[in-house]
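Secondary and tertiary structure notes
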Amino acid sequence: MREIVLDTETTGFDPHSGDRLVEIGAIELFNHMPTGRTYHQYINPQRDMPDGAFGVHGIGPDLLTPPRAPKEGEVTLKDKPLFKTVGQAFLDFIGPDSKLVIHNASFDMKFLNAELKWIGLPEIPFARALDTLAMARKKFPGSPATLDALCRRFGIDNAARTLHGALLDSEILAEVYLELIGGRQPDLILAPEPARKTTVSSLAKDETWRPTRRPAPLPPRITDEEAAAHAAFVDGLGDGAIWKKYS
């Protein structure tokens, strides 16, 4: 089962009011395990960067009013590609049917589909999205369900997350998602090739282990002294002792 954990950064809240994507980050899971494949892209939004959005992700100091030179850790966008030049590569990475694991999926999906529609590429059906925000609210009703709050709940280290960043947030979200569904490899079934990284030498390539009856009973582990003491104890219970029915 292939899944894509995905996050975006934007200039604001509404693509239909002029806001645009500025970053996409995604990582691939296969049978709930990271494969090492990632997608990361900064995007030139062809517009200014509001102070509020810049304060969240630190992307695009060259798009502020007035613009300024970037400080350490800040990313400029004027030299980055337009979405129309990277949109197909993004669709190729997520594939035609992989589930998209997203925190607050409605937000990211509306931006992705707006950008895809504007350049004439097919939109992504919302049914493909798996919303971890909704999952967390259902599992922990009344508790905070932000990504930071879930990291604290599950003991996930997010110390590097001083600002939002799409790829880093995707990596953190992957860990949160695996905790929400019960931890890594929740079904305890060995993954099929090619996802399986660790093999068990005693199993055939496509064999799944199942318990069987032991060929010979294990020998008793009690000593003769313990057996004699137990027998004496049972004799002292009288003829109606239930133990005597099973001896």
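Definitions and limits used
- Residues numbered from 1 in each chain as written.
- Predicted model: local features only at pLDDT ≥ 70, side-chain atom pairs only at ≥ 80, totals over all residues.
- Heavy atoms only, no water.
- Pairing = 2+ DSSP bridges.
- Helix = DSSP H or I, 4+ residues; strand = E, 2+ residues; numbered from the N terminus.
- Axes fitted to C-alpha atoms, helices over the stretch in contact; angles between N-to-C directions.
- Contact = heavy atoms within 4.5 Å.
- UniProt positions renumbered as here; feature names shortened; annotations may be inferred.
- Buried < 20%, exposed > 50% of the residue type's maximum accessible area, 1.4 Å probe, protein only.
- Right-handed = clockwise from strand over helix to strand, strands pointing away.
- Parallel < 35°, antiparallel > 145°, perpendicular 65-115°, else oblique.
- Left-handed = near helix turned anticlockwise from the far one by under 90°.
- Nonpolar A, V, L, I, M, F, W, Y, C, P; charged D, E, K, R; others polar.
- Patch = residues over 30% accessible without salt bridge, like charges linked within 9 Å, V, L, I, M, F, W, Y side chains within 5 Å.
- Areas by Shrake-Rupley, 256 points an atom, 1.4 Å probe, with all protein chains shown as cover.
- Salt bridge = Lys/Arg side-chain N within 4 Å of Asp/Glu carboxyl O.
- Lys, Arg positive; Asp, Glu negative; His and termini not counted.
- Charge placed at Lys NZ, Arg CZ, Asp CG, Glu CD.
- Core = buried A, V, L, I, M, F, W, Y, C linked by side-chain atoms within 4.5 Å.

1. Some points on the pairing of strand E3 (residues 33–42)
Looking at chain direction, strand E2 (residues 21–30) and E3 are connected through seven bridges and run antiparallel. Along E3, the bridge assignment pairs isoleucine 24 with glutamine 41. A loop of two residues connects E2 with E3, the two strands running antiparallel in sequence, and asparagine 31 in this loop sits at a positive phi of about 50°.

2. A few points about the sheet that holds E3
Taken in spatial order, the five strands make up an open sheet running E3-E2-E1-E4-E5, and their pairing is mixed. Edge positions in the open sheet fall to E3 and strand E5 (129–131), since each of these has one partner strand only. The mean angle between the axes of side-by-side strands here comes to 25°, regardless of whether they run parallel or antiparallel. Contacts between helix H6 (residues 166–180) and the sheet are confined to strand E1 (2–10), E2, E3, strand E4 (99–102) and E5, with E2 contributing the most and set at about 35° to the helix.

3. Section: the UniProt feature "binding site: substrate" (unreviewed entry) in the protein
Following the UniProt record, the feature "binding site: substrate" (unreviewed entry) maps to Asp7, Glu9, His57 and Asp169 here. Annotated residues spanning 163 residues; largest pairwise C-alpha distance 12.3 Å, indicating a single compact cluster. You can see glutamate 9 is positioned in strand E1. Residue glutamate 9 is classed as buried on the basis of its relative accessible area of 6%. As for its placement among the helices and strands, histidine 57 is situated in helix H1 (residues 51–57).

4. Topic: the pairing of E4
Along any regular strand, the residues point their side chains to alternate faces of the sheet. Note: E1 against E4, three bridges, orientation parallel. The residue bridging isoleucine 4 from the neighbouring strand is leucine 100, located in E4. When E4 meets E5, the two strands line up parallel, connected through three bridges. Along E5, the bridge assignment pairs isoleucine 102 with aspartate 131. In the classification by handedness, the crossover that spans E4, the intervening helix H3 (residues 105–118) and the parallel E5 is right-handed.

5. Overview of the packing of helix H5 (residues 147–154) against H6
Two elements in contact, H5 and H6, have axes whose closest approach is 10 Å; the angle formed by their N-to-C orientations is 50°. As judged from the angle between their axes, H5 and H6 are oblique. The handedness of the crossing between H5 and H6 is left-handed. On the side of H5, the interface is formed by Leu147, Leu150, Cys151 and Phe154, while H6 contributes Asp169, Ile172, Leu173, Val176, Glu179 and Leu180. Within the contact of H5 with H6, the residues separate by chemical class into eight nonpolar, no polar and two charged.

6. So, a negative patch on the surface
A cluster of acidic side chains, namely Asp157, Glu171, Glu175 and Glu179, defines a negative patch on the protein surface. With respect to the secondary-structure elements, glutamate 171 resides in helix H6. A relative accessible area of 36% places glutamate 171 in the partly exposed class.

7. Structural notes on the nonpolar core
Soluble, globular proteins show a tendency: their nonpolar side chains are buried together. Ranked by size, the top nonpolar core spans 23 residues in total, and within it Ile24, Phe90, Ile94 and Ile124 carry the most contacts. Counting residues in each nonpolar core, the second largest holds 20 residues, with Val5, Ala136, Ala145 and Cys151 among its members.

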